[in-house]
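Single-letter residue listing:
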Amino acid sequence: MEAEWLLRNTLYLKDLLSQSEKWHQPGLLPVYPLGMGTRFWLASAQHEPGSDLPDYLFCYDLKKNQCWQLAEGLEDNFYRTGKITDLQRLDIYNNGYYFFRSAEQVAHLFPDVAGPVIFIVNLKS
C-alpha cells in the first residue's frame, strides 16, 4: 500500500478480478488492504507526526473510471474538522467508513466531550 504504487496495483486488481472466474464464486469475500466497495475502492494512511512516510487518501471510482490520490486527504466540509486521510473500514462490504478526532480537535463542535469523537462516513453507489 505504498502511495506510489496504488494506481498501478489497483488497475492490476481491477483487471484480475474482471477476468478471473475464481473470484466470482458465491460466498467468496476476498479481503485486500484496498477497501473495495461496489463503486469506490479506497485506501488511506495517516502516519505519526515526523514520519518519513507520506499520508494519503486514495480513491478509485469504478463507475467513472477515475482515481484521486490526495496527499493531504479530503477536506471535511461538513463538520470542518480538517483534512481526512485516516478513513477506516466499518464493514466487510466497504460501504461504510469512519474517522476519529481527539476531543481537543473538535472542542468547537462538542465542548462537553472528553474523549475521541468517531465520525461515520457512508458511501453511496
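Within each chain, residue numbers correspond to sequence positions counted from 1 in written order. Reporting in this predicted model follows two pLDDT cut-offs: at least 70 for local features of residues, and 80 or more for side-chain atom pairs to be given and counted; totals over whole chains, interfaces and linings ignore these cut-offs and use all residues. Side-chain metrics in this entry use all non-hydrogen atoms of the structure; hydrogen atoms and water are not considered.

Enquirer: Residue-level account of the overall build of the chain, with values.
Expert: Helices and strands together make up the secondary structure of the chain, namely one helix and nine strands. Helical segments are the DSSP runs of H or I of at least four residues, strand segments are the runs of E of at least two, and each set is numbered from the N terminus. Listed N to C, the secondary structure of the chain is α-β-β-β-β-β-β-β-β-β in terms of helices and strands. Counting only C-alpha atoms, the chain reaches 55 × 30 × 25 Å along its principal axes. The proportion of buried residues among the 125 residues of the chain is 31%. Each residue gets one of three labels from its accessible area relative to the maximum for its type: buried under 20%, exposed over 50%, partly exposed in between, using a 1.4 Å probe on protein chains only.

Enquirer: Just give me the short version of the side chain of threonine 85, but keep the residues and values in it.
Expert: Its place among the elements puts threonine 85 in the loop between strand 6 (82-84) and strand 7 (88-89). With relative accessibility at 4%, the residue threonine 85 sits in the buried group. Only heavy atoms matter for contacts: two residues are in contact if any of them lie within 4.5 Å across the pair. With residues up to four places along the chain from it excluded, the contact list for threonine 85 reads Ser44, Ala45, Gln46, Asp55, Tyr56, Leu57, Ala71, Glu72 and Gly73.

Enquirer: With reference to specific residues and values, describe helix 1 (residues 6-19).
Expert: Taking 1.5 Å of rise per residue, the 14 residues of helix 1 would be expected to cover 20 Å, and the 20 Å separating its terminal C-alpha atoms lies within 8% of that figure. Within helix 1, burial applies to Leu6, Thr10, Leu13 and Leu17. One side of helix 1 holds all its buried residues, which, seen down the axis, span an arc of 65 degrees. Turned more than 90 degrees off the buried face of helix 1, the exposed positions are Arg8, Tyr12, Ser18 and Gln19. Where helix 1 is buried, its residues meet strand 1 (35-36), strand 2 (40-45), strand 3 (56-61) and strand 4 (66-70). A helix is expected to span 1.5 Å multiplied by its residue count minus one. The directions considered for the arc run from the helix axis to the C-beta atoms.

Enquirer: Explain the pattern of salt bridges residue by residue, including any values.
Expert: Just to be clear on terms, a salt bridge is a Lys or Arg side-chain nitrogen sitting within 4 Å of an Asp or Glu carboxyl oxygen. Applying the stated rule across the entire model yields three salt bridges. A salt bridge links aspartate 86 to arginine 101; its shortest N-O distance comes to 3.7 Å. Of the two residues, aspartate 86 is situated in the loop between strand 6 and strand 7 and arginine 101 in strand 8 (residues 96-101); the sequence distance between them amounts to 15 residues. You can call aspartate 86 buried: its relative accessible area is 8%.

Enquirer: Tell me what's going on with the sheet that holds strand 4, and back it up with residues and numbers.
Expert: Each pair of strands is called paired provided DSSP finds at least two bridges between the two strands. Sheet architecture is open: four strands sit in the order 1-2-3-4, paired in antiparallel fashion. Strand pairing shows two members of the sheet lacking a second neighbour, strand 1 and strand 4, which therefore form its edges. By the bridge criterion, five bridges tie strand 3 to strand 4 in an arrangement that is antiparallel. Bridge pairing in strand 4 links cysteine 59 to tryptophan 68. With axes taken as lines fitted to C-alpha atoms, and helix axes fitted only over the stretch in contact, angles between N-to-C directions fall between 0 and 180 degrees. Along the sheet, helix 1 contacts strand 1, strand 2, strand 3 and strand 4; its crossing angle with strand 3, the most-contacted strand, is approximately 30 degrees.

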